[in-house]
Amino acid sequence: MKLFYKAGACSLSPHIVLNECGLSYASEAVDLVTKKTETGSDYLAINPKGSVPALLLDDGQILTEGAVIVQFLADRAPEKKLAPPMGSMERYRLMEWLNFIASDLHKTFGPLFNPKVPADAKAVFKDILAARLAAPARVLADKPFLMGDAFSVADAYLFTVLNWAPRVGLELPPSLAAYLTRVAARPAVQATLVAEGLIPA
Ligand SMILES: N[C@@H](CCC(=O)N[C@@H](CS)C(=O)NCC(=O)O)C(=O)O
């Protein structure tokens, strides 16, 4: 398998999951502006959506959409219990979080990174985000992880988007700030942050 990623972008989530799973993989960075990979390949020919993450499977297929890729990976290493069994009610609870993070959080952070978005519009997006963060903040005030006592792929994704908060000047509620520190301390997360050059080795 090969993960196409950009350091610090949403592809950090499947990158963390690959390391949490202990799966063997290669990775290749993508320049999202030029749409060239680090080996000079045309990324649009690999993933016509042009976005990261994309996972090249051993049979040559490309799998996209971070929320789907992390479940695919978790299902390749079921002993790590990063996702409940497919078909169980708990699996739908996991998908409920993944979909919320993808559609309500991830995509609301996007405009905050866009230099063309005026400051007053950015303030509106920050207010929306603050309101949407109330639900995970409440859950994580009582439990260490979104699904309860065990880390899951939803935590890899939530960690990834919350990690953007300081970069866009968004203050996190105390339970989410503590969660960010808790997840960052995991050895696989540390290894991934080092691999992407986000923290020193
Ligand atoms: N629907 C995709 C969206 C991924 C996405 O927004 N990726 C961003 C980085 S966080 C990106 O590649 N942006 C550049 C682009 O789309 O051209 C997913 O959830 O995986």
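Everything numeric in this text was worked out from a predicted model, so none of it was measured.

**Q** Describe the nonpolar core, and please don't skip the residues or the numbers.
**A** In this structure, I101, L158 and F159 are the most contacted members of the largest nonpolar core, which totals 55 residues. Put simply, the parts of the chain that give this core at least two residues each are β1 (2-5), α1 (12-21), α3 (66-76), α4 (89-109), α6 (134-142), α7 (153-162), α8 (174-184) and α9 (187-195). When residues in this core are grouped by element, the largest group, 8 residues, is from α7. Each of two domains, domain 1 (2-80 + 189-195) and domain 2 (89-186), supplies a minimum of three residues to this core. With 6 residues, the next largest nonpolar core counts F4, V30, V52 and A54 among its residues.

**Q** An account of the site of the ligand is requested, with residue identities and associated values reported.
**A** Near the ligand the following residues occur: A9, C10, L32, K35, G50, S51, V52, P53, E65, G66, H106 and K107. The separation between a nitrogen atom of the ligand and a polar main-chain atom of V52 is 2.9 Å. A total of 510 Å² of accessible area belongs to the ligand in isolation, and the protein chains cover 72% of it. A breakdown of the residues in the shell around the ligand according to their chemical character gives 5 nonpolar, 4 polar and 3 charged.

**Q** If you had to explain the sheet that holds strand β2 (residues 26-31) to someone new, which residues and values would you point to?
**A** Read across the sheet, 5 strands follow the order β3-β2-β1-β4-β5 without closing on themselves; strand pairing throughout is mixed. Every interior strand has two partners, whereas the edge strands, β3 (36-37) and β5 (62-64), have only one. Across 4 bridges, β1 lies against β2 in parallel orientation. Looking at the pairing, F4 lines up with E28 of β2. Those strands touched by α3 are β4 (54-56) and β5, and its axis lies near 120° from that of β5.

Rules used throughout
- Residues numbered from 1 in each chain as written.
- Predicted model: local features only at pLDDT ≥ 70, side-chain atom pairs only at ≥ 80, totals over all residues.
- Heavy atoms only, no water.
- Core = buried A, V, L, I, M, F, W, Y, C linked by side-chain atoms within 4.5 Å.
- Buried < 20%, exposed > 50% of the residue type's maximum accessible area, 1.4 Å probe, protein only.
- Helix = DSSP H or I, 4+ residues; strand = E, 2+ residues; numbered from the N terminus.
- Domains from an automatic or database assignment.
- Near = heavy atom within 4 Å.
- Polar contact = N/O pair within 3.5 Å; in protein donor to acceptor, adjacent residues only side chain to side chain.
- Areas by Shrake-Rupley, 256 points an atom, 1.4 Å probe, with all protein chains shown as cover.
- Nonpolar A, V, L, I, M, F, W, Y, C, P; charged D, E, K, R; others polar.
- Pairing = 2+ DSSP bridges.
- Contact = heavy atoms within 4.5 Å.
- Axes fitted to C-alpha atoms, helices over the stretch in contact; angles between N-to-C directions.

Keep in mind that these numbers describe shape and distance, not what the molecule does.
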